[in-house]
Amino acid sequence: MVLALTVCGIVVALVVTGLFVFGLRRRLIQRSGGTFDCSLRWEAPEEGDAGGKGWAYGVARYNGDRVEWYRVFSYSFRPRRVLERSAIEVAGRRVPDGEEELALLSDAVILACLHRGVRLELAMSEDALTGFLAWLEAAPPGQRVNVA
């Protein structure tokens with residue numbers, strides 16, 4: 001009986017510690033500001049394929065001329081993807097369709113982009129999308145930015 005209670009206590013302590021580290025990590029990522037909730041689908045399928053597969057929920061952070069994207073369910077303090085402003089080409093925007101409505105946040109708008117030849121999609125709120133497009137267009141003089 002004592003062994004079972006000890007094991008249960010250890011399991012509960014590990015779960016609580018894991019959740020605390022998730023929260024601490026997110027707090028540290030957001031500490032510098034300029035963050036927004038953003039789902040990402042890397043190597044997205046061609047237009048017309050609205051399957052809900054491939055989406056990963058994350059947090060994006062502006063860092064100079066880059067957007068750093070972090071997975072929410074990860075312990076890594078390094079960004080999973082880094083998108084350079086000069087390499088992002090916006091191909092269009094749309095609302096979630098079909099299974100995507102279940103895979104994404106309820107108010108999400110999907111932005112289709114190309115980054116160094118890789119097709120990707122970003123899903124974010126309308127407010128975050130406005131800020132993202134403004135950030136893209138605010139590139140320093142002489143940098144090429146393609147916003148459709």
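In case you missed it, the structure is sitting above this.
Residues numbered from 1 in each chain as written. Predicted model: local features only at pLDDT ≥ 70, side-chain atom pairs only at ≥ 80, totals over all residues. Heavy atoms only, no water.

Student: Provide a residue-level description of the overall build of the protein chain, including the pertinent values.
Tutor: A tally of helices and strands in the protein chain yields three helices and eight strands. Secondary structure of the protein chain in N-to-C order comes out as α-β-β-β-β-β-β-α-β-β-α. Over its C-alpha atoms the protein chain spans a radius of gyration of 18 Å, topping by over 25% the 15 Å that the globule rule assigns to 148 residues. Buried residues in the protein chain amount to 34% of all 148 residues. For the protein chain, the proportion of contacts with a sequence separation of at least 24, taken over those separated by at least 6, is 53%. (Helix = DSSP H or I, 4+ residues; strand = E, 2+ residues; numbered from the N terminus. Rg over C-alpha atoms; globule rule 2.2 N^0.38 Å. Buried < 20%, exposed > 50% of the residue type's maximum accessible area, 1.4 Å probe, protein only. Contact = heavy atoms within 4.5 Å.)

Student: Explain helix H3 (residues 126-137) to me, and be specific about the residues and the numbers.
Tutor: Here H3 contains 12 residues, and its C-alpha end-to-end distance of 17 Å stays within 8% of the 16 Å for a straight helix at 1.5 Å per residue. Buried within H3 are the following residues: Ala128, Leu129, Phe132, Leu133, Trp135 and Leu136. Relative to the axis of H3, the buried residues are bounded by an arc of 155 degrees and lie together on one face. Exposed side chains of H3 directed beyond 90 degrees from the buried face belong to Asp127 and Glu137. (Expected span 1.5 Å × (residues − 1). Arc of directions from axis to C-beta.)

Student: How would you summarise unusual backbone geometry if you had to cite specific residues and measurements?
Tutor: Here the phi dihedral of Arg116 falls at roughly 55 degrees; this positive angle occurs in a residue that is not glycine. Note that Arg116 resides in the loop between strand S7 (109-115) and strand S8 (118-124).

Student: Report on a nonpolar patch on the surface, specifying residues and quantitative values.
Tutor: A cluster of nonpolar residues, Leu3, Val7, Val11, Val15 and Leu19, forms a patch on the protein surface that exposes about 480 Å² of accessible area. By secondary structure assignment, the location of Val7 is in helix H1 (residues 2-30). (Patch = residues over 30% accessible without salt bridge, like charges linked within 9 Å, V, L, I, M, F, W, Y side chains within 5 Å. Areas by Shrake-Rupley, 256 points an atom, 1.4 Å probe, with all protein chains shown as cover. Salt bridge = Lys/Arg side-chain N within 4 Å of Asp/Glu carboxyl O.)

Student: Break down the nonpolar core for me, citing the residues and quoting the values.
Tutor: Counting 22 residues, the largest nonpolar core has Leu122, Met124 and Phe132 as its most contacted members. Secondary structure elements with two or more residues in this core: strand S4 (66-71), strand S6 (88-94), S7, S8 and H3. Tallying contributions element by element places H3 first for this core, with six residues. If we ignore the near neighbours within four places in the chain, the residues touching Phe132 are Phe36, Tyr62, Val67, Ile88, Leu111, Leu122 and Met124. (Core = buried A, V, L, I, M, F, W, Y, C linked by side-chain atoms within 4.5 Å.)

Student: Account for the pattern of salt bridges, with residues named and values stated.
Tutor: In this structure the tally under the stated criterion is 10 salt bridges. One salt bridge in this structure joins Glu121 and Arg41, with 2.7 Å as the shortest N-O distance. Pair noted here: Glu121 is in strand S8 and Arg41 is in strand S2 (residues 39-42), with a separation of 80 residues, a long-range link. Taken individually, Glu121 and Arg41 each receive the classification buried, so the pair is uniform in this respect.

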